[in-house]
Amino acid sequence: MLRLDHVTLAVRDVDEAVEQISSTTGARFTGKVEAFPGAKAQVAYFGAGFLEVIAGTEPDKLRTTQLGRALRRSPRAGKAFLA
């Protein structure tokens, strides 16, 4: 049986996205963390899964990881990745 662990939403501005999601849904997010070099994220937990909102903050550091390079190449914000 497959189980969805989390959904990652790539955005331009984590603070703005978290505010919009929180005010619309009532979701409560953790504090901001460094998801990987050059990217900041916040997480809202829902039972066994979670929503991760992430944005690249330091383009030079994004180049150092595979996920960072993928985020950097993303043509537009608002793209969701399932994990």
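From a predicted model like this one, the values you see are computed outputs, not experimental measurements.

In this section: the pattern of salt bridges. This structure, assessed with the given rule, holds 4 salt bridges. A salt bridge links aspartate 5 to arginine 3; its shortest N-O distance comes to 3.9 Å. Judged by relative accessible area, which is 30%, aspartate 5 ranks as partly exposed. Arginine 3 sits in the exposed class, given a relative accessible area of 56%. For arginine 63, the salt bridge is made with aspartate 60, and the minimal N-O distance between the two is 3.4 Å. Assessed through its relative accessible area of 43%, arginine 63 is described here as partly exposed.

Counting 11 residues, the largest nonpolar core is built from Val11, Val14, Ala17, Val18, Ile21, Ala27, Phe29, Ala44, Leu51, Val53 and Ala55. Those elements giving two or more residues to this core turn out to be α1 (14-25) and β4 (49-56). What isoleucine 21 contacts, discounting residues up to four positions off in sequence, is Leu9, Gly26, Ala27, Phe29, Leu51 and Val53.

Here the focus is α1. With 12 residues, α1 extends 16 Å from end C-alpha to end C-alpha; this agrees with the ideal 16 Å at 1.5 Å per step. The complete set of buried residues in α1 reads Val14, Ala17, Val18 and Ile21. Considered in projection along α1, the buried side chains sweep an arc of 95° and stay on one side of the axis. Exposed residues pointing more than 90 degrees away from the buried face of α1 are listed as Glu16, Glu19, Gln20, Ser23 and Thr24. Of the residues that open α1, the one with a side-chain oxygen 3.0 Å from the backbone nitrogen of aspartate 15 is aspartate 13. Residue glycine 26 follows α1 closely and has a positive phi angle near 85°.

Parameters and conventions
Residues numbered from 1 in each chain as written. Predicted model: local features only at pLDDT ≥ 70, side-chain atom pairs only at ≥ 80, totals over all residues. Heavy atoms only, no water. Salt bridge = Lys/Arg side-chain N within 4 Å of Asp/Glu carboxyl O. Buried < 20%, exposed > 50% of the residue type's maximum accessible area, 1.4 Å probe, protein only. Core = buried A, V, L, I, M, F, W, Y, C linked by side-chain atoms within 4.5 Å. Helix = DSSP H or I, 4+ residues; strand = E, 2+ residues; numbered from the N terminus. Contact = heavy atoms within 4.5 Å. Expected span 1.5 Å × (residues − 1). Arc of directions from axis to C-beta. Polar contact = N/O pair within 3.5 Å; in protein donor to acceptor, adjacent residues only side chain to side chain.

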